[in-house]
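Secondary and tertiary structure notes
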Amino acid sequence: GEDVEQSLFLSVREGDSSVINCTYTDSSSTYLYWYKQEPGAGLQLLTYIFSNMDMKQDQRLTVLLNKKDKHLSLRIADTQTGDSAIYFCAERVGGGYQKVTFGTGTKLQVIP
Amino acid sequence: GAVVSQHPSWVICKSGTSVKIECRSLDFQATTMFWYRQFPKQSLMLMATSNEGSKATYEQGVEKDKFLINHASLTLSTLTVTSAHPEDSSFYICSAAGTQNSPLHFGNGTRLTVT
C-alpha cells in the first residue's frame, strides 16, 4: 500500500537553504508532487517530477528523487519569510486518475 | 495556469442542517474532481472521486448518504454535507486535473463549522 512520510517541522534562518525530505513506499509511483499550504488556504502546486527523472530545478526550487531509496526532497534556496508554510509531498501510483496519497506535511518556519 | 475555485471559503451552520460546497474549474474542463477532508494539523484524506455524469466513488469509511456529490458538468462538482453534526466540522478541499497526466490543482478550501 501507499505510505508517504515527512518530518513534521523544520526551522531555518532567512537567506539559508531549506531541505524538506519525504519517503514513500510504493515503487510504482509515476508522479511525485510538492504542494504548499499557507494557513487557512488550499494547496498550491509548487512543482512535480516524473518518476523517471532524478532532478528538476525551477528557480529557487530543486527537487531530487532517489528511486532506489524511495526518497524525495525539496530544496528551497535563499529561503524567505514568505516561504513559511506547510509543505506536502504526494505520490500518484499508476496512470489515469489514480488516487494521490499525501504525506503528513512539514511545517517550515523561517526565522527573520 | 489551471485555477480551481471553491465556494464558500467558510460557513457556519446549525446542527441538523445541510451545507453545499461548490468546486469549479475555471479555465479547463475536468471530467474528474476529488474531494478531500483535512483535520487540524493533519494531512489530506481523500473522501471521494467525483466523475462527470456518473456516480461518485467513495473511499472506505466515508458515508455516501451523508456526503452527497454531484458532478453535473465538466466544470462543476458539488459536495453537500447533509444533516451536519459538530463532528463534521473540518476543512474540505476539492481538486481537479485537466487530463489524466496533469497534476492536481486545488481550490482554496472551505472551513465548515457546525454548531
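For clarity, every value in this text was computed on a predicted model and none was experimentally measured.

A few points about the overall build of chain B
- Broken down by element type, chain B carries 0 helices and 11 strands.
- Starting at the N terminus and ending at the C terminus, chain B contains elements arranged as β-β-β-β-β-β-β-β-β-β-β.
- Relative to the globule expectation of 13 Å for 115 residues, the C-alpha radius of gyration of chain B, 13 Å, shows essentially globular dimensions.
- Summarising its shape, the C-alpha atoms of chain B cover approximately 40 × 25 × 20 Å along the three principal directions.
- In chain B, buried positions account for 48% of the 115 residues.
- The long-range fraction of contacts in chain B, counting pairs at least 24 apart against all pairs at least 6 apart in sequence, stands at 53%.
- When the accessible surface of chain B is summed, it comes to about 5700 Å², and 51% of that surface belongs to carbon and sulfur atoms.
- Once the 9 positive and 8 negative side-chain charges of chain B are each reduced to a mean point, those two points are 6 Å apart.

Observations regarding the interface of chain B and chain A
- Contacts between chain B and chain A engage 25 residues on the former and 19 residues on the latter.
- Applying the counting rule to chain B against chain A returns 0 salt bridges.
- Here chain B and chain A share 4 residue pairs in polar contact (both at pLDDT 80 or more) between them.
- Listing elements by their share of the side of chain B that touches chain A, those giving two or more residues are strand 4 (32–38), strand 5 (44–51), strand 9 (90–96) and strand 10 (105–106) of chain B.
- Among the residues making up the side of chain B that touches chain A, the classes are represented as 10 nonpolar, 14 polar and 1 charged.

Some details on the state of the cysteines
- Under the definition given, this model contains 2 disulfides over all chains.
- Note that A:Cys22 is cross-linked by a disulfide to A:Cys89, the S-S spacing being 1.9 Å. Judged by the torsion about the S-S bond (65°), the A:Cys22/A:Cys89 disulfide is right-handed. Pair noted here: A:Cys22 is in strand 3 (residues 18–24) and A:Cys89 is in strand 9 (residues 85–93), with a separation of 67 residues, a long-range link.
- Judged by relative accessible area, A:Cys89 falls into the buried class, the value being 0%.
- Note on cysteine connectivity: B:Cys23 is disulfide-linked to B:Cys94, with sulfurs 2.0 Å apart. What sets the handedness of the B:Cys23 and B:Cys94 disulfide is the S-S torsion sign, and at about 80° it is right-handed.

Here we look at the confidence of the model for chain B
- Averaged over chain B, the pLDDT score is 90; the fraction of residues at 70 or greater is 97%.
- Ranking the elements of chain B by mean pLDDT puts strand 10 of chain B last with 88 and strand 2 (residues 10–13) of chain B first with 96.

Describing the pattern of salt bridges
Residues and elements named next belong to chain A.
- This structure, assessed with the given rule, holds 5 salt bridges over all chains.
- Ionic pairing is found between Glu 38 and Lys 36, a salt bridge with its closest N-O pair at 3.6 Å.
- For Glu 38, a relative accessible area of 37% puts it in the partly exposed group.
- Lys 36 gets classed as buried once you look at its relative accessible area, which sits at 10%.
- Here Asp 83 makes a salt bridge to Arg 60, at a shortest N to O gap of 2.9 Å. Taken together, the residues span a long stretch of sequence, with Asp 83 in the loop between strand 8 (71–76) and strand 9 and Arg 60 in the loop between strand 6 (55–58) and strand 7 (61–66) at a distance of 23 residues.
- Here Asp 83 falls in the buried class, since its relative accessible area comes to 7%.

Rules used throughout
Residues numbered from 1 in each chain as written. Chains lettered and ligands numbered in written order. Predicted model: local features only at pLDDT ≥ 70, side-chain atom pairs only at ≥ 80, totals over all residues. Heavy atoms only, no water. Helix = DSSP H or I, 4+ residues; strand = E, 2+ residues; numbered from the N terminus. Rg over C-alpha atoms; globule rule 2.2 N^0.38 Å. Buried < 20%, exposed > 50% of the residue type's maximum accessible area, 1.4 Å probe, protein only. Contact = heavy atoms within 4.5 Å. Areas by Shrake-Rupley, 256 points an atom, 1.4 Å probe, with all protein chains shown as cover. Lys, Arg positive; Asp, Glu negative; His and termini not counted. Charge placed at Lys NZ, Arg CZ, Asp CG, Glu CD. Salt bridge = Lys/Arg side-chain N within 4 Å of Asp/Glu carboxyl O. Polar contact = N/O pair within 3.5 Å; in protein donor to acceptor, adjacent residues only side chain to side chain. Nonpolar A, V, L, I, M, F, W, Y, C, P; charged D, E, K, R; others polar. Disulfide = S-S within 2.5 Å. pLDDT = per-residue confidence, 0-100.

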